[in-house]
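Okay, here's what each chain looks like letter by letter:
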Amino acid sequence: MGLKFFNTLTRAVEEFVPLDPAGKRAGMYCCGPTVYDFAHVGNWRTFLFGDLVRRYLEFKGYAVNHVMNVTDIDDKIIKRVSEMNSSLAEVTGKFEKAFLDDLKSLNCRVPHGMPHATEHIPEIVALIEKLMAQGLAYRTPDGSVYFSIEKYRGQGRQYGQLVKLNFEEMRAGERVRHDEYAKEAIADFALWKARVPEDGAVFWPSPWGDGRPGWHIECSAMSMKLLGPSFDLHLGGEDLMFPHHEDEIAQSEGAGLQPNHQRFVKYWLHGAHLLVEGKKMSKSLGNFFTLRDLLAKGFTGREIRYALLQAHYRETFNFTLDGLASARAALMRLDECLAKLRELAGDVKAGDHAPVLGQFSALLDEDLNIAGAWGVIFEWVRDTNRRLAENSLDAAAAASALATWEKLDSVLGVGALAEVEVPPELNALLEARQAARKAKDFKRADAIRDELKAKGWVIEDTPKGPRLKRAA
Ligand SMILES: [Zn+2]
């Protein structure tokens with residue numbers, strides 16, 4: 001049975017057939033972070049969805065080329081640079097490092113390519129020149145360049161492929177300079193933005209004058225450079241469907257680089273929104289969490305990963321702190337079962353995989369039915385526990401079960417008990433406690449111990465000194 005995805009382009013579930021005639025390679029582009037702040041839990045749901053797609057394609061035997069851009073120049077970054085009274089490199093460097101650390105905490109596979117917009121200005125300029133040559137872009141007197149939707153449609157092309165648009169309300173030639181604009185507002189969008197005083201020191205020379213690229217053109221230029229003018233999969237959050245992805249299609253196909261009328265992207269996949277504690281995340285409601293906020297509350301990367309991978313990617317998911325506590329309990333059940341299996345298996349070699357692997361794969365083949373997949377995994381855990389309790393498993397069966405888990409976990413990435421990492425903030429607390437003890441400030445040392453305990457960790461003394469262990 002083949003793998004199927006819901007393709008936003010056709011609004012249908014379709015069998016995945018890569019462009020590679022040998023059917024082995026798959027090119028995949030995920031819109032990456034805009035590095036002006038720490039990524040929040042809603043962003044992480046989308047990035048984990050990308051990681052799941054990649055891991056599952058690899059599980060199916062595809063050689064995936066996974067590209068994720070780093071937007072290191074756009075309206076939001078410019079604003080941040082001036083707010084922080086800092087330089088572009090300083091702001092983007094800081095938040096990119098944080099992003100990579102977070103990616104590691106959540107055990108995401110690192111993309112094969114992470115192109116930066118600021119390192120692709122020549123490619124971006126060349127793409128805008130192609131659009132100029134096609135008669136689809138025009139320069140305004142201030143030295144900006146816009147994409148003409150009217151001209152694009154005049155060439156018999158369709159604008160509004162991912163979302164339905166109402167062209168009755170369109171006013172020809174109306175322009176929008178901002179990267180993010182009103183939902184379904186049809187207006188010519190900026191490819192190149194002429195330098196304005198607010199840009200400060202952030203600008204590059206171009207045939208149209210000094211300025212900077214628009215956000216949308218960055219993704220078109222970098223995805224086609226690394227994956228070719230036509231590639232298999234393009235992923236992002238549903239909020240990127242319009243205008244960002246619609247504009248990417250218009251730019252990339254408008255430039256006419258695809259051979260034989262092939263599409264820019266064959267499959268468009270979009271992940272749904274995340275609610276937090278039942279509401280849209282916002283700083284004023286107190287339900288806005290970055291990954292760091294959650295780690296500081298004592299949750300681990302694997303618990304957060306598990307929680308964010310509970311629901312189908314196209315369903316709105318309600319993320320809650322209670323849900324994280326349940327994630328912890330579920331992973332503990334899994335860990336206990338695996339620990340018993342390890343004890344029983346010893347050094348015995350594994351035989352065939354358990355049947356759960358086939359059930360798991362059949363469910364994920366159906367547009368990544370992850371909720372169903374977790375269902376069969378926990379049924380398998382229950383069944384395994386029952387057989388362990390009855391002493392009806394032998395060492396070889398235990399070894400096979402463990403080998404099966406390895407295979408399942410190559411997709412899930414929630415790891416085994418041995419890989420539970422201690423968040424750096426908590427290790428810092430442990431060090432502070434040691435320092436307090438040394439200084440004979442036992443009150444402070446006890447307060448830190450209680451704080452760690454409240455976060456679900458206990459201090460264990462080992463010959464190498466104290467370390468943190470998950471409370472049972
Ligand atoms: Zn993008």
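Summarised in this report is the structure supplied together with it. Model, not experiment: these values are computed from the prediction. For every chain, the first residue of its written sequence is number 1, and the numbers climb from 1 along that sequence. Under the rules for a predicted model, residues below a pLDDT of 70 receive no local features and side-chain atom pairs below 80 are neither given nor counted, while totals for whole chains, interfaces and linings still include all residues. Only hydrogens and water are set aside; all other atoms, that is, all heavy atoms of the structure, feed into the side-chain values.

1. As for the sheet that holds strand β13 (residues 279-280)
So the rule is basically this: Two strands form a pair only when DSSP identifies at least two bridges running between them. Under the scheme used here, helices are H or I runs from DSSP no shorter than 4 residues and strands are E runs no shorter than 2 residues, and both carry numbers assigned from the N terminus.
Strand order in this open sheet of three strands is β13-β12-β14, and the pairing throughout is mixed. Among the strands making up the open sheet, the edge pair consists of β13 and β14 (317-319). Relative to β13, strand β12 (residues 274-276) runs antiparallel, the two being bridged by two bridges. Residue Val 276 lies in a different strand from β13, and its bridge partner there is Lys 279.

2. Comments concerning the packing of aromatic side chains
In plain terms, the rule: The pairing test for Phe, Tyr and Trp rings, Trp by its six-membered ring, is centres within 6.5 Å, and the orientation test on the planes gives stacked under 30 degrees, edge-to-face over 60, and tilted for anything in between. Throughout this description, buried means an accessible area under 20% of the type-specific maximum (1.4 Å probe, protein chains only), exposed means over 50%, and partly exposed covers the range between.
Scanning the model with the defined rule gives 22 aromatic pairs in all. Aromatic side chains Tyr 29 and Phe 231 sit 6.3 Å apart centroid to centroid with 50° between the ring planes, which places their arrangement in the tilted category. Residue Tyr 29 is located in strand β3 (residues 25-30), and its partner Phe 231 is located in strand β10 (residues 231-237); the two are separated by 202 residues in the primary sequence. Phe 231 matches Tyr 29 in its accessibility class, with the two residues each being buried. Ring centres of Tyr 159 and Phe 242 lie 6.4 Å apart, and the angle between their planes is 70°; this geometry places the pair in the edge-to-face category. Placement of the pair is Tyr 159 in the loop between α5 (149-154) and β7 (175-176) and Phe 242 in helix α7 (residues 241-254), with a sequence separation of 83 residues. Here Tyr 159 and Phe 242 have matching classes, each one buried. Three or more aromatic residues joined by ring pairs make a cluster, and in this case those are Phe 5, Phe 16, Tyr 62 and Tyr 267.

3. Some details on the pairing of β3
For clarity, the threshold we go by: If you view a crossover with the strands going away from you and the path from the first strand over the helix to the second runs clockwise, you call it right-handed.
With five of six residues buried, β3 lies mostly within the body of the structure. In this region the chain leaves β3, passes through helix α1 (residues 41-59) and returns to the parallel neighbour strand β4 (residues 63-68); the handedness of that crossover is right-handed. The sheet contact formed by β3 and β10 spans three bridges and is parallel. The residue of β10 that forms the bridge with Cys 30 is Leu 235.

4. A few points about the coordination of the zinc ion
Operational definition: Counted as donors are N, O and S atoms no farther than 2.8 Å from the metal, or 3.2 Å for Na, K and Ca; water is not among the atoms, and sites may therefore look incomplete.
Within the protein, Cys 31 (SG), Cys 219 (SG) and His 244 (NE2) serve as the donor atoms for the zinc ion, at 2.1 to 2.2 Å. Each donor residue of the zinc ion belongs to the same chain, with the gaps between them written as C-x187-C-x24-H. Of this pair, Cys 31 sits in the loop between β3 and α1 while His 244 sits in helix α7, and the two are 213 residues apart along the sequence. By relative accessible area, His 244 is classed as buried at 1%.

5. Overview of helix α11 (residues 356-365)
Here is the rule: Contacts are assigned to residue pairs with any non-hydrogen atoms lying within 4.5 Å of each other.
Residues Val 356, Leu 357, Phe 360, Ser 361, Leu 364 and Asp 365 constitute the buried set of α11. The elements touched by buried residues of α11 are β1 (4-7), α1, α12 (370-389) and α13 (395-412).

6. Quick notes on the pairing of strand β11 (residues 265-271)
Along β11, six of the seven residues are buried, which leaves the element largely enclosed by surrounding structure. Across six bridges, the pairing between β10 and β11 is parallel. Bridge assignment links Gly 236 to a residue of β11, and that residue is His 270.

7. With respect to the nonpolar core
Grouped burial of nonpolar side chains is what soluble globular proteins tend to show. The cut-off we apply is this: Note on terminology: a nonpolar core comprises buried Ala, Val, Leu, Ile, Met, Phe, Trp, Tyr and Cys residues joined through side-chain atoms within 4.5 Å.
In terms of nonpolar packing, the biggest core is built from 139 residues, with Leu 57, Tyr 159 and Phe 319 touching the most fellow members. For this core, the leading source of residues is α1, giving ten residues. Excluding residues within four positions of it along the chain, Tyr 159 makes contact with Ile 149, Tyr 152, Arg 153, Leu 165, Phe 167, Tyr 181, Ile 186, Phe 189, Phe 242, Glu 246, Asp 247 and Ala 250. Listed in part, the seven residues of the second largest apolar core include Leu 426, Leu 430, Trp 457 and Leu 468.

8. Concerning the side chain of Ser 206
Rules: For this analysis, a polar contact is any N or O atom pair within 3.5 Å, provided that within protein one partner can donate a hydrogen and the other can accept it, and provided that sequence-adjacent residues contribute only side-chain to side-chain pairs.
As for its position among the elements, Ser 206 is in the loop between β8 (188-194) and β9 (211-213). Given a relative accessible area of 17%, Ser 206 falls into the buried group. A polar atom in the side chain of Ser 206 sits 3.3 Å from the side chain of Trp 192. Setting aside residues no more than four positions away along its own chain, Ser 206 makes contact with Val 125 and Trp 192.

9. Notes on the pattern of salt bridges
Formally: For this analysis, a salt bridge means a side-chain nitrogen from Lys or Arg found within 4 Å of a carboxyl oxygen belonging to Asp or Glu.
One pass over the structure, following the stated rule, counts 28 salt bridges. Between Lys 60 and Asp 365 there is a salt bridge, and its shortest N-O distance comes to 2.9 Å. Taken together, the positions of Lys 60 in the loop between α1 and β4 and Asp 365 in helix α11 put the pair 305 residues apart, joining distant regions of the chain. For Asp 365, a relative accessible area of 3% translates into the label buried.

10. Considerations on unusual backbone geometry
Put simply, Phe 242 and Pro 243 share a cis peptide bond, and its omega is 0°. By the secondary structure assignment, Pro 243 is in helix α7. In this structure, Asn 85 is a non-glycine residue whose phi angle is positive, near 50°. In this fold, Asn 85 is placed in the loop between α2 (75-83) and α3 (88-105). Despite not being glycine, Asn 391 shows a phi value in the positive range, around 60°. The residue Asn 391 is located in the loop between α12 and α13 in this model. We classify Asn 391 as exposed; its relative accessible area is 69%.

So yeah, pure geometry; function would need other evidence.
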